[in-house]
Structure formats: C-alpha cells, structure tokens
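Here's the letter readout for the chains.
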Amino acid sequence: DTGVSQDPRHKITKRGQNVTFRCDPISEHNRLYWYRQTLGQGPEFLTYFQNEAQLEKSRLLSDRFSAERPKGSFSTLEIQRTEQGDSAMYLCASSLVQGIVNTEAFFGQGTRLTVV
Amino acid sequence: AQKVTQAQTEISVVEKEDVTLDCVYETRDTTYYLFWYKQPPSGELVFLIRRNSFDEQNEISGRYSWNFQKSTSSFNFTITASQVVDSAVYFCALYPDNFNKFYFGSGTKLNVKP
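Residues numbered from 1 in each chain as written. Chains lettered and ligands numbered in written order. Predicted model: local features only at pLDDT ≥ 70, side-chain atom pairs only at ≥ 80, totals over all residues. Heavy atoms only, no water.

1. Points about the nonpolar core
Soluble globular proteins: nonpolar side chains tend toward being buried together.
Thinking step 1. In terms of nonpolar packing, the biggest core is built from 25 residues, with Trp 36, Trp 66, Phe 75, Phe 77, Tyr 90 and Leu 110 of chain B touching the most fellow members.
Thinking step 2. Examining the composition of this core, we find that four residues originate from one element, strand β10 (residues 88–96) of chain B, more than from any other.
Thinking step 3. In contact with Trp 66 of chain B, not counting residues within four places along its chain, are Trp 36, Leu 48, Ile 49, Asn 58, Glu 59, Ser 61, Phe 75, Asn 76 and Phe 77 of chain B.
Thinking step 4. Among the nonpolar cores identified, the runner-up in size contains 19 residues, and Val 19, Phe 21, Cys 23 and Phe 49 of chain A belong to it. (Core = buried A, V, L, I, M, F, W, Y, C linked by side-chain atoms within 4.5 Å. Buried < 20%, exposed > 50% of the residue type's maximum accessible area, 1.4 Å probe, protein only. Helix = DSSP H or I, 4+ residues; strand = E, 2+ residues; numbered from the N terminus. Contact = heavy atoms within 4.5 Å.)

2. Overview of the interface of chain B and chain A
Thinking step 1. On the side of chain A, 23 residues touch chain B, which itself brings 20 residues to the contact.
Thinking step 2. For the chain B and chain A pair, buried surface summed over both sides reaches about 1700 Å², with 51% attributable to carbon and sulfur atoms.
Thinking step 3. Lys 101 of chain B is paired through a salt bridge with Glu 56 of chain A; the nearest N and O atoms lie 2.5 Å apart.
Thinking step 4. Run the count over chain B and chain A and you get eight residue pairs in polar contact (both at pLDDT 80 or more).
Thinking step 5. Elements represented by at least two residues in the side of chain B that touches chain A include exactly β5 (32–39), β6 (46–52) and β10 of chain B.
Thinking step 6. Per element, the largest residue contribution to the side of chain B that touches chain A is four residues, and it comes from β5 of chain B. (Buried area = accessible area lost by both parts, 1.4 Å probe. Salt bridge = Lys/Arg side-chain N within 4 Å of Asp/Glu carboxyl O. Polar contact = N/O pair within 3.5 Å; in protein donor to acceptor, adjacent residues only side chain to side chain.)

3. Comments concerning the pairing of strand β2 (residues 10–14) of chain B
Residues and elements named next belong to chain B.
Thinking step 1. Burial along β2 is one-sided: the face carrying Ile 11 and Val 13 is buried and the face carrying Glu 10, Ser 12 and Val 14 is not.
Thinking step 2. As judged from the five bridges shared by β2 and strand β12 (residues 108–113), these two strands associate in the parallel manner. In the sheet register, Ile 11 faces β12, and the bridge partner there is Leu 110. (Pairing = 2+ DSSP bridges.)

4. Comments concerning the pattern of salt bridges
Residues and elements named next belong to chain A.
Thinking step 1. Counting across every chain of the model gives seven salt bridges over all chains.
Thinking step 2. Glu 83 is the salt-bridge partner of Arg 64, the closest N and O atoms lying 3.4 Å from each other. Here Arg 64, found in the loop between β6 (53–57) and β7 (65–68), pairs with Glu 83, found in the loop between β8 (75–79) and β9 (88–95); they are 19 residues apart in sequence, far enough to count as distant.
Thinking step 3. Linking Asp 86 and Arg 64 is a salt bridge whose minimum nitrogen-to-oxygen distance equals 2.8 Å. Taken together, the residues span a long stretch of sequence, with Asp 86 in the loop between β8 and β9 and Arg 64 in the loop between β6 and β7 at a distance of 22 residues. With respect to class, Asp 86 is no different from Arg 64; both count as buried.
Thinking step 4. Residues joined in a network through salt bridges with shared partners are Arg 64, Glu 83 and Asp 86.

5. A few points about the sheet that holds strand β3 (residues 19–24) of chain A
Hydrogen bonds between backbone groups are what pair the strands of a sheet, and the pairing can be parallel or antiparallel.
All names here are of chain A.
Thinking step 1. Across the sheet, four strands lie side by side as β1-β3-β8-β7; this open sheet has antiparallel pairing. Only two strands of the sheet have a single partner each, and these edge strands are β1 (5–7) and β7. Taking the axes of each pair of neighbouring strands and ignoring which way they run, one obtains an average angle of 15 degrees across the sheet.
Thinking step 2. Examined bridge by bridge, β1 and β3 share three bridges and lie antiparallel to one another. Bridged to Ser 5 within β3 is Asp 24. (Axes fitted to C-alpha atoms, helices over the stretch in contact; angles between N-to-C directions.)

Spelled out as structure tokens, the structure:
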C-alpha cells in the first residue's frame, strides 16, 4: 500500500458545475477525514467517517457538499453548483482507530479545485 | 475552544543554521495528541511526529527535535543544521480525544537559503 490516494490531483470547473473527488485511504485504516485548505491557511475540518458511517460534518459543509464512504473503503466528496469560493485544496486523510487509540493521520496529496 | 497558534508566518534562514518553529495550543481536554506535519510545494502533508498529552518526554530524531511543555501549552519543533530540502510549510496540529478531529495552525513557511 503506497498511502492515501486522491483523484484527480487538479480540477478546473466552471461556476455552477458539479464536481466529484475520490479518496482511497490506506487499506487497513477505518477512519477517513476530509479537510479543505485555502491559500496561506491551515487545513480546516469538513467531515469524517468511521468505517462507512459519517459521524460528523462541519458547518463549512453546506448543503451543496455531500460525502460518502460506501462499504467503508474509498470515499467521494461531491460539490454541487460550484462557486468561486469553493476554490481550494481538498485533502483526504486516514487513520486507524482501535478503542480509544487513534494513530497519526496520513494525508493524500490533495485535489486542487479551481472554479472559474 | 480548541485552537492552535503558529505565530511565525514565515522564517528565512541560511543553510546550516538551526531554526525553531513555535506552536501554542488551547484545549480543555486532558487527553490529546499533538502533531507536526510538513507540506512541501507538492501539497502533500507529511507526518513528522505525534505526541500524546501524557508524554512530555522530548525527542530527538536526526536533525529534528521537539520540545513539549504542558505548563506553557507549547509544542515547539527545532531543525538543526537546516538544509535547502527543509524548505516547506510546517503545520502544528492538535487532536483532542473528545473531538475526533485535527485542529491545525495556520502554518509557518520555512525558507532555507543556500
């Protein structure tokens, strides 16, 4: 396993279009996070999954955003009716949670979205 | 509130100088983890170190060392004999056990000049 993979690496879309990103976590990891990072800022939490269950969503995740993790493996993040303010790097991370212990999170290389 | 502050926005040093990156955190959780990640221009966040709130033992790993002090809520990171390849943005992150997510600082951009 080579780590967390994200696809695509770059996406340019016109305002109003829908986009979908994919994240493949490290295979044995049961927790998956989505973060968003804008230029010059640290990553901001969007949502996370424990196996296939989406356990928390940030207020940053408006109704236009939806995330899924079917079967607790890969995850998708969809943005509908994109706006210029959605332009950012979308980062996915995974970790292994066993009981109360959470290992470090490993991040993918991110998907850079540009809305024109 | 959960918060991470990295007051240094950008630091420039000349190769072989030592450099310390500061991190101050806020949390009321008694159990939490602290992390440092490196983000090179390629964009990927690279894990460097993880410390839990019960382990204040400082660590040295090669040219990297970390100083965790609960009394001042600080988790500073030092690179000894910096190299050009160390140039990147470094993020400090807090993971409070009751919140199940990472809180990142705004990052410190390190420029190491030859």
